[in-house]
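Close look at the chain arrangement
Given next are the chains, with one letter for each unit.
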Amino acid sequence: MLENVKRTRTDKLLDAVNALFLSIIILLILYPLLFVIVASLSDPMSIYNNPLRLWPAKLNLESYKAVFQNKDIWNGFTNSILYTAVGTFINIIMTTLAAYPLSRRDFYGKSVFTFLFVFTMFFSGGLIPVYLINKQLHLLDTFWVMVLPMAVSVFNIVIMRTYFQTNIPRELEESANVDGCNDFQILYKIVLPLSVPIIAVLVLFYGVGHWNSYFHGLIYLQSRDQFSLQLILREILVQNQFKDMVGATMVDERFSERMAVMEGIKYAVVIVSSLPLLVIYPMMSKFFNKGILIGSLKG
């Protein structure tokens, strides 16, 4: 019935104002990303002379060429992929093994374990005790220091536990018990196949966390060959340690040109470091809303 109601001029004007307002907000949100893409593809001097652009000026791929020729960036890229893949795999295994018992009604003492888990969300030992523990375990400056200390997130355990409680029928587990399945068989053959949405969401959460992590590497890593891409990116963006990529240590008639190229390299590195997430997120987005909303409901 509402579709047949004639819209007044005021309604149409309000729709136009809302559309304009939302378009401005979208532009403000998307423009920084668009600017980085445009700046990375443009001639550095053109961006320096006219920084506010919506399209590339004098298409130039020299910045990407300098980035892909740098061995540190390739090494950091490889390390980040390994840290993210192995770390996310460990995260999902640990989170599942913690969340499933806490979701079972017949698990004795689950309230105590839940309290102890949640307690660590508000109170922790701090950075120095954690550093000393990793040192005593001989994890410093190794591959495993980037994945084991972050092996599990209590927040994600709570989300997955709630998903198991609200979306896995109790009768299904009881039927499997009658058929002779043990707890591990129920988890592997019944629970996990029905939990693809929440697993996809947690893979995204953990994966993004590992990929963007730089503080752990900054604290625990000393060998440059162990650095992740984010640490290399930090050196380039914050410390400007990439003069060797363009030979900017020499002062001559082309010094200003090389300094402009350095600015272009900054934008190119940002795009290269963000590209994997920009590719993966659309593939996971179909699970995102369903998984996180259902997993956050209280059962």
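Residues numbered from 1 in each chain as written. Predicted model: local features only at pLDDT ≥ 70, side-chain atom pairs only at ≥ 80, totals over all residues. Heavy atoms only, no water.

1. Observations regarding the overall build of the protein chain
For clarity, the cut-off: Helical segments are the DSSP runs of H or I of at least four residues, strand segments are the runs of E of at least two, and each set is numbered from the N terminus. Partly exposed describes any residue whose relative accessible area lies between the buried limit of under 20% and the exposed limit of over 50%, with all areas from a 1.4 Å probe on protein chains only and scaled to the type maximum. Should any heavy atoms of two residues lie within 4.5 Å, those residues are considered in contact. Per-residue accessibility takes into account occlusion by the displayed protein chains alone, with areas from the Shrake-Rupley method and a 1.4 Å probe.
Looking only at helices and strands, the protein chain features 13 helices and 0 strands. Its helices and strands taken in sequence order, the protein chain reads α-α-α-α-α-α-α-α-α-α-α-α-α from the N to the C terminus. Every one of the 299 residues in the protein chain was classed for burial, and the buried ones make up 35%. Of all intrachain contacts in the protein chain linking residues separated by at least 6 positions in sequence, the fraction that spans at least 24 positions is 71%. On the protein chain, roughly 18,800 Å² of surface is accessible, and the fraction owed to carbon and sulfur atoms is 67%.

2. A closer look at the packing of aromatic side chains
What counts, and what does not: Only rings of Phe, Tyr and Trp enter the pairing, Trp through its six-membered ring, and a pair is recorded when the two centres are within 6.5 Å. The plane angle decides the type: under 30 degrees is stacked, over 60 is edge-to-face, the rest tilted.
One pass over the full model with this rule turns up 12 aromatic pairs. Aromatic pair Tyr 31 and Phe 35: ring centres 6.1 Å apart, planes at 35°, arrangement tilted. One end of the pair is Tyr 31 and the other is Phe 35, both in helix α1 (residues 9-41) and 4 residues apart, which spans about a single turn. Classification of Phe 35 as buried rests on a relative accessible area of 15%. Seen from their ring centres, Tyr 131 and Tyr 220 are 5.9 Å apart, and the 15° between their planes marks the pair as stacked. Placement of Tyr 131 in helix α6 (residues 127-136) and of Tyr 220 in helix α11 (residues 215-220) is noted, with a sequence separation of 89 residues between them. A residue is classified by how much of its surface remains accessible, and Tyr 131, at 27% relative accessible area, is partly exposed. Among the aromatic residues, those joined into a cluster by ring pairs are Tyr 31, Phe 35 and Tyr 267.

3. A closer look at the side chain of Thr 114
The topology assignment puts Thr 114 in helix α5 (residues 110-122). Take Thr 114: its relative accessible area is 18%, and that puts it in the buried class. Discounting chain neighbours no more than four positions away, the residues touching Thr 114 are Leu 102 and Arg 161.

4. A word on the side chain of Ser 80
Looking at where Ser 80 falls in the secondary structure, it is placed in helix α4 (residues 71-103). For Ser 80, the contacting residues outside a window of four places in its chain are Trp 211, Ser 228, Leu 229 and Gln 230.

5. A short note on unusual backbone geometry
Backbone geometry at His 138 places phi at a positive 60°, although glycine is not the residue there. Mapped onto the secondary structure, His 138 falls in the loop between α6 and α7 (154-167). A relative accessible area of 68% places His 138 in the exposed class.

6. Re a nonpolar patch on the surface
As a reminder of what qualifies: Like charges within 9 Å and nonpolar side chains (Val, Leu, Ile, Met, Phe, Trp, Tyr) within 5 Å are joined into patches, using only residues over 30% in relative accessible area that form no salt bridge. Each reported salt bridge corresponds to a side-chain nitrogen of Lys or Arg within 4 Å of a carboxyl oxygen of Asp or Glu.
Among the surface-exposed residues, Phe 107, Val 112, Phe 113, Phe 115, Leu 116, Phe 119, Met 121, Phe 122, Phe 123 and Phe 155 lie close enough to one another that they form a single nonpolar patch of about 1,100 Å² accessible area. Broken down by element, the residue count for the nonpolar patch peaks at 7 residues, all from α5. By secondary structure assignment, the location of Phe 113 is in helix α5.

7. As for the packing of α4 against α7
Note the following rule: Angles here are taken between N-to-C directions and fall from 0 to 180 degrees, while the axes themselves are lines fitted to C-alpha atoms, restricted in helices to the stretch in contact. To sort the angles, those under 35 degrees are grouped as roughly parallel, those over 145 as roughly antiparallel, those from 65 to 115 as roughly perpendicular, and the leftovers as oblique. Left-handed describes a crossing in which the near helix is turned anticlockwise from the far one by less than a right angle; the clockwise case is right-handed. Amino acid classes used here: Ala, Val, Leu, Ile, Met, Phe, Trp, Tyr, Cys and Pro are nonpolar; Asp, Glu, Lys and Arg are charged; the rest, including Gly, are polar.
With their axes 8 Å apart at the nearest point, α4 and α7 run at an angle of 50° to one another. By the angle between their axes, α4 is oblique relative to α7. α4 and α7 meet at a crossing whose hand is right-handed. Within the contact between the two elements, α4 uses Thr 95, Thr 96, Ala 98, Ala 99, Tyr 100, Leu 102 and Ser 103 and α7 uses Asn 156, Ile 157, Met 160, Arg 161, Phe 164 and Gln 165. Its residues assigned to classes, the contact of α4 with α7 comprises 7 nonpolar, 5 polar and 1 charged.

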